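Spelled out from the first residue to the last, the chains are:
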Amino acid sequence: MGLELQIARVSKNYNGNRILRDCSFAFGGGRTYVLQGPNGSGKSTLFRILALLERGDRGTVNYLDQSVVLEDNLALRRRLTLVLPRTGIFNTTVFKNVAYGLKVRGVDRATIEARVNDALLAVGLGHKKWHRALELSSGETKRLGIARGMVISPEVFLLDEPTVNIDPANTAMIEAIILKMKQERQATILMITHDPAQAQRLGDELIFMQDGKIVPA
Amino acid sequence: MHSIIEGFAAAFRLIVSLNPELGRIILLSLQVSGTALVLATALGLPVGAFLALRRVPLKGVVISLLNTGMGLPPVAAGLFLYLFLSRSGPLGFIGLLYTPAAMVIAQFILAFPIVASLSHAAIARVDPVIRQAALTLGATPFQESLTVVKEARYAIMAGVMAGLGRVMAEVGAIIIVGGNIAGYTRVMTTTIALETDKGNFELAIALGIILLTISFSITVALRFFQRRGQAGSKGSLWA
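Along every chain, residues carry numbers that run from 1 in the direction the sequence is written. Ligands are numbered from 1 and chains lettered from A, in the order in which they are written. Given that this is a predicted model, residues contribute local features only at a pLDDT of at least 70 and side-chain atom pairs are listed and counted only at 80 or more, while totals for whole chains, interfaces and linings are drawn from all residues.

## As for the sheet that holds strand β1 (residues 4-14) of chain A
Neighbouring strands of a sheet are bound in pairs by backbone hydrogen bonds; such pairs are parallel or else antiparallel. Using the following cut-off: Note on pairing: two strands pair once DSSP finds at least 2 bridges between them. Secondary structure counts use DSSP, requiring at least four H or I residues in a row for a helix and at least two E residues in a row for a strand, with both numbered from the N terminus.
Spatially, the 4 strands line up as an open sheet ordered β2-β1-β4-β5 (chain A), and their pairing is antiparallel. Each of the sheet's edge strands pairs with one partner strand only, and the pair in question is β2 (17-27) and β5 (68-69) of chain A.

## Section: helix α6 (residues 168-184) of chain A
Residues and elements named next belong to chain A. As a reminder, the rule being used: Expected helix span is given by 1.5 Å per residue-to-residue step, counting one fewer step than there are residues. Residues are scored as being in contact if the C-beta atoms we place from backbone atoms lie within 7 Å.
Here α6 is 17 residues long and its end C-alpha atoms lie 24 Å apart, about the 24 Å a rise of 1.5 Å per residue gives. On the buried face of α6, the contacting elements are α5 (138-150), β7 (156-160), β8 (188-192) and α7 (196-202). Where α6 ends, the next residue or the one after it, R185, has phi of about 55°, a positive value.

## Some details on helix α4 (residues 74-85) of chain B
Residue and element names in this part refer to chain B. Stated precisely, the cut-off is as follows: Around each residue's C-beta, the other C-beta atoms within 10 Å are counted; 20 or more make the residue buried, 12 or fewer make it exposed, and counts in between make it partly exposed. All C-beta atoms are placed from the backbone. In this context, the arc is that of the directions from the helix axis out to the C-beta atoms.
Along its 12 residues, α4 runs 16 Å from first to last C-alpha, staying within 8% of the 16 Å computed at 1.5 Å per residue. Buried within α4 are the following residues: P74, A77, G78, L81 and L85. For α4, the angular spread of the buried residues around the axis is 95°, confining them to a single face. On the buried face of α4, the contacting elements are α5 (100-124) and α9 (172-178).

## Side note on the pairing of β8(A)
Residues and elements named next belong to chain A. Note the cut-off: Handedness of a crossover is defined as follows: orient the strands so they point away from the viewer, and if the path from the first strand over the helix to the second runs clockwise, the crossover is right-handed.
Buried residues dominate β8, accounting for 5 of its 5 residues. With burial as the criterion, each face of β8 is covered, one bearing T188, L190 and I192 and the other bearing I189 and M191. The pairing of strand β3 (residues 32-36) with β8 spans 4 bridges and is parallel. When the sheet's bridge partners are listed, Y33 is paired in β8 with L190. As paired strands, β7 and β8 are joined by 5 bridges and run parallel to one another. Residue pairing across strands places L159 opposite M191, the latter belonging to β8. For the crossover that starts at β7, traverses α6 and ends in the parallel β8, the hand is right-handed.

Spelled out as structure tokens, the structure:
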């Protein structure tokens with residue numbers, strides 16, 4: 001079961017502009033939350049703060065494991081992952097991209113091989129294992145980003161617009177992957193989308209943001 | 001015209017017959033420039049990476065100094081190094097003047113700013129999303145830095161090749177601190193200068209051809225690394 005997550009009065013300014021204003025929410029473990037809202041409403045900033053890539057100017061972000069608040073350190077960062085909208089693919093093979101998260105954790109070679117193969121099969125990229133990752137199509141790149149996150153079995157999986165700018169076939173594949181993860185309930189899934197129908201299909205709970213605030217549905 | 005053709009013919013004979021003197025000069029050139037480049041890379045790459053990845057006080061000043069060093073006139077570098085290494089200089093007691101080691105130091109001084117500055121530029125150009133991706137996949141700060149440097153590897157290699165091009169073609173600094181001593185500190189460029197002065201063109205032309213071949217190889221390698229660095233490129237040599 002994924003981690004619980006509580007944020008309280010999180011605010012963030014960039015160059016004097018208020019991007020987030022007193023955002024508070026409690027995310028239950030193992031549930032899927034879909035965040036919606038217009039461009040510039042603060043969704044991606046909130047995700048980067050939740051992924052511990054940056055800090056809010058005010059407020060608190062707490063991860064809880066069976067009601068125990070976890071310390072913000074490398075060990076906690078390694079229990080969650082964020083799939084970025086521009087993915088950030090490394091200039092190497094598909095295999096090495098997916099293996100990255102395991103390699104930095106010092107996982108042995110045989111385990112890496114097995115887990116990467118499983119993840120690539122799950123996202124339909126098994127046949128492209130030794131291709132250069134930068135030569136994949138947009139849809140394949142998105143799936144590679146998800147495989148890279150899946151392989152480390154995160155307890156919180158943040159997906160920032162995982163189906164933006166890709167065709168319906170790839171979108172369907174990614175939705176199927178998310179639905180499978182959701183059914184297995186190994187992770188708390190947080191996702192951003194601009195597609196209301198997709199939000200309905202995937203989310204246990206829908207969250208809306210406007211002008212840097214979480215607003216009632 | 002006749003003497004030029006004769007000169008080329010004699011030069012080809014020297015190359016084909018694997019003339020031992022020619023071989024010795026080429027070997028020393030490669031040893032001196034190779035060592036200088038290895039040292040310049042060993043120090044220049046970490047310095048470039050550090051400047052690109054960390055907050056450093058006076059970063060702008062350091063980068064400006066490195067960029068200035070890229071255009072450092074070799075004779076000026078040679079002159080200052082000579083003053084330091086000469087018997088009356090502060091490092092004269094080491095006795096390095098007119099040795100291959102002094103030539104290595106001179107070429108290191110010329111190559112270091114190129115490797116450091118171009119490494120810095122290469123690493124600073126890596127898309128910030130790469131750093132975020134590395135962190136969100138669980139990298140430590142050191143692993144994250146290593147990942148960013150790895151992403152810049154082709155541009156860094158291009159910088160190293162530019163450094164090699166600079167030192168291989170250089171004559172001003174090494175002739176001052178090396179002295180062009182036959183069989184000891186005589187390298188390709190200094191031999192070409194000397195033999196041309198003496199009107200002894202065969203050896204000069206032979207070395208000129210080899211130097212041009214090396215220069216061409218460096219250019220091809222540079223192009224290869226630049227192409228490899230471009231996203232999605234297969235790194236073709238000629239495209």
